[in-house]
Amino acid sequence: MPAGQEINQTFSPPLALADFGSFYAGGRQVRIEGRPPREIAFTRTASLPYDPNGLYHVEQAYVQYFIPAERRHPLPLVLLHGGGMTGAMWEQTPDGRPGWVQHFLRQGHAVYVVDNVERGRAGWTPFEEVWPEPPIVRNAEESWSLFRFGHASDYARRSAFDGQRFPVQAFDSFIRHAVPRWLGNNDAALAGFCAALERIGPCLVLAHSHGGEVAYRALQARPDLVQGVIGIEPSGFSEAVAPASVAGKPFLFVYGDYLDATPLWTRLCQAGQAYAEQLAAHGAHVATWRLADMGIAGNSHMPMMDDNSDDIAARIGGWIRAEAA
């Protein structure tokens, strides 16, 4: 175990799975031409000429799935990560507790975990002919304030908001989740996610932050497949809402605490409320949880990692059983 890293394991009865596996979905092929070959060495003994020109497959999504032996809900649950992160965010908390993958499996859901275009095991391309802009990676200082662990001015001494539920002592483990992201790839992300949904079939989507825009756009693009959306502090939405895509479907919006800590979150909450009202006006069944207003104080932008993550997962599972049966 690396020095300074604590593992807080919660032991539960073993999970019984009927099946698990993974697949890639979507993407396109591109041919790279005109780049100079060079000599490379990928071990101390293996060196060879490398020609970067040729045919590549890009913009695919990677999906890992788990099917419980006892399914208690007919619709699979698809977990879609936020910006600059991967499906690993659902697997385990930074301080070593079980993640929402395990929680929803124990509730009887088939669970599909997506690494969308350019993230994690979906892979990425270094060629500007494919993605012309450079990527960004979120740094620790930005994560601290943007995810509402504490004020930006308090990062250096790691002084969190009063009552903060995120395991701040494991913050250095958390920032290992950050991966490159290309800001101009939202359309590609939508296409990759829709290709994954075509393999999965009708489902509920649980999307975090930036994943909200992809999920809500997929709802409009493939209303036959997206049967409802649980938005965990979504930061983006679909521009248009077709009544036939949303009428009669369940939607849940979940927000944590400290929402007035930055102007950005004030704006995002207002945008989320406006979108929820638009869904409801077209016949959707919409619920909005502001956890602090419900007496559940201290949650950050990462409720799937906060110290009450088990309770939040149980509450969401109860909502699914009541609204999406």
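Our subject is the structure listed above.
Please read these numbers as outputs of a predicted model, since none were measured by experiment. (Residues numbered from 1 in each chain as written. Predicted model: local features only at pLDDT ≥ 70, side-chain atom pairs only at ≥ 80, totals over all residues. Heavy atoms only, no water.)

Asks: So, the overall build of the protein: which residues are in play, and what are the values?
Replies: A count of helices and strands for the protein gives 8 helices and 12 strands. In summary, the protein has a C-alpha radius of gyration of 20 Å against a globular reference of 20 Å for 325 residues, a match within 12%. The burial tally for the protein puts 54% of its 325 residues in the buried class. A sequence separation of at least 24 residues applies to 74% of the contacts in the protein between residues at least 6 apart. (Helix = DSSP H or I, 4+ residues; strand = E, 2+ residues; numbered from the N terminus. Rg over C-alpha atoms; globule rule 2.2 N^0.38 Å. Buried < 20%, exposed > 50% of the residue type's maximum accessible area, 1.4 Å probe, protein only. Contact = heavy atoms within 4.5 Å.)

Asks: Report on the nonpolar core, specifying residues and quantitative values.
Replies: Counting residues in each nonpolar core, the largest one holds 84 residues, and the members touching the most others are W100, L206, M302 and I316. A per-element tally of this core places helix α4 (residues 186-200) first, with 8 residues. Those residues in contact with M302 that lie beyond four places of it in its chain are M85, M89, F147, F149, F166, F174 and H208. Membership of the second largest hydrophobic core comes to 9 residues, among which are V30, I32, W131 and A188. (Core = buried A, V, L, I, M, F, W, Y, C linked by side-chain atoms within 4.5 Å.)

Asks: Describe the packing of aromatic side chains, and please don't skip the residues or the numbers.
Replies: This model, assessed by the stated rule, comprises 25 aromatic pairs. For the pair F166 and F174, a centre-to-centre distance of 5.3 Å together with 75° between the ring planes defines the contact as edge-to-face. The same class applies to F166 as to F174, namely buried. Between F171 and F174, the aromatic rings sit 6.2 Å apart at their centres with planes inclined by 35°, giving tilted as the arrangement. Of the two residues, F171 and F174 both sit in helix α3 (residues 171-174), 3 residues apart, roughly one turn of that helix. What makes F174 buried here is its relative accessible area of 2%. What links up through ring pairs into an aromatic cluster is the set W144, F147, F149, Y155, F166, F171 and F174. (Phe/Tyr/Trp six-rings, centres within 6.5 Å; stacked < 30°, edge-to-face > 60°.)

Asks: Provide a residue-level description of empty space enclosed by the protein, including the pertinent values.
Replies: If you walk through the whole model with that rule in mind, you get 1 cavity of 30 Å³ or more. Roughly 70 Å³ of internal volume is contained in the largest cavity. Along the walls of the largest cavity sit G83, G84, M85, R138, S143, F147, F174, I175, H177, A178 and V179, which together make up its complete lining. A per-class count over the lining of the largest cavity returns 6 nonpolar, 4 polar and 1 charged. (1 Å grid on protein atoms, 1.4 Å probe; cavity = no way out; pocket = protein on both sides within 12 Å on 5 of 7 lines; lining within 4 Å. Points joined across faces, edges and corners; volume = space filled by probe spheres on them. Nonpolar A, V, L, I, M, F, W, Y, C, P; charged D, E, K, R; others polar.)

Asks: Provide a residue-level description of a nonpolar patch on the surface, including the pertinent values.
Replies: Side chains of L15, L17 and F20 sit close together on the surface and give an oily, nonpolar patch of about 270 Å² of accessible area. Considering the arrangement of structural elements, one finds L15 in the segment before β1 (17-25). Judged by relative accessible area, which is 34%, L15 ranks as partly exposed. (Patch = residues over 30% accessible without salt bridge, like charges linked within 9 Å, V, L, I, M, F, W, Y side chains within 5 Å. Areas by Shrake-Rupley, 256 points an atom, 1.4 Å probe, with all protein chains shown as cover. Salt bridge = Lys/Arg side-chain N within 4 Å of Asp/Glu carboxyl O.)

Asks: A description of the pairing of strand β11 (residues 250-255) should follow, citing residues and the corresponding values.
Replies: Sheet faces and side chains relate simply in a regular strand, where the side chains alternate between the two faces. The element β11 is extensively covered by neighbouring structure, given that 6 of its 6 residues are classed as buried. For strand β10 (residues 226-232) and β11, the ladder comprises 4 bridges, and the chain directions are parallel. When the bridges of β11 are listed, I230 appears paired with L252. As paired strands, β11 and strand β12 (residues 285-290) are joined by 6 bridges and run parallel to one another. Each residue of the ladder has a partner; that of L252, found in β12, is A287. With respect to chirality, the unit in which β11 leads through helix α7 (residues 263-281) into the neighbouring parallel β12 is right-handed. (Pairing = 2+ DSSP bridges. Right-handed = clockwise from strand over helix to strand, strands pointing away.)

Asks: With reference to specific residues and values, describe the sheet that holds strand β7 (residues 77-80).
Replies: One open sheet holds the 8 strands; their spatial order is β1-β6-β8-β7-β9-β10-β11-β12, and the pairing between them is mixed. Whereas interior strands pair on both sides, the edge strands pair on one side only; in this sheet they are β1 and β12. The average angle at which neighbouring strand axes cross in this sheet is 15°, direction not considered. Lying over the sheet, α4 contacts β1, β6 (61-68), β7, β8 (111-115), β9 (203-208) and β10, oriented at roughly 145° with respect to β1. (Axes fitted to C-alpha atoms, helices over the stretch in contact; angles between N-to-C directions.)

Asks: Give me helix α8 (residues 309-323): which residues, what numbers.
Replies: For α8, with 15 residues, the first-to-last C-alpha span of 21 Å sits near the 21 Å given by 1.5 Å per residue. Taken together, the buried residues of α8 touch β7, α1 (100-106), β9, β10, β11 and β12. (Expected span 1.5 Å × (residues − 1).)

Asks: Tell me about the environment of A280, and please be specific about residues and values.
Replies: On the secondary structure map, A280 appears in helix α7. Of the residues examined, A280 reaches a relative accessible area of 41% and is grouped as partly exposed. On a C-alpha basis, the gap between A280 and K249 in space is 9.8 Å, while along the polypeptide they are 31 residues apart.

Asks: Go over the packing of α4 against helix α5 (residues 211-221), please, and point to the residues and values.
Replies: α5 packs onto α4 with a crossing angle of 60° between their chain directions and a minimal axis gap of 9 Å. Between α4 and α5, the angle is such that the two are oblique. Two packed elements cross with a definite hand, and for α4 against α5 that hand is right-handed. Side by side, α4 and α5 meet where N186, D187, A189, L190, F193, C194 and L197 of the first sit next to E213, V214, A215, R217, A218 and A221 of the second. Classifying every residue of the contact of α4 with α5 by side-chain character gives 9 nonpolar, 1 polar and 3 charged. (Parallel < 35°, antiparallel > 145°, perpendicular 65-115°, else oblique. Left-handed = near helix turned anticlockwise from the far one by under 90°.)

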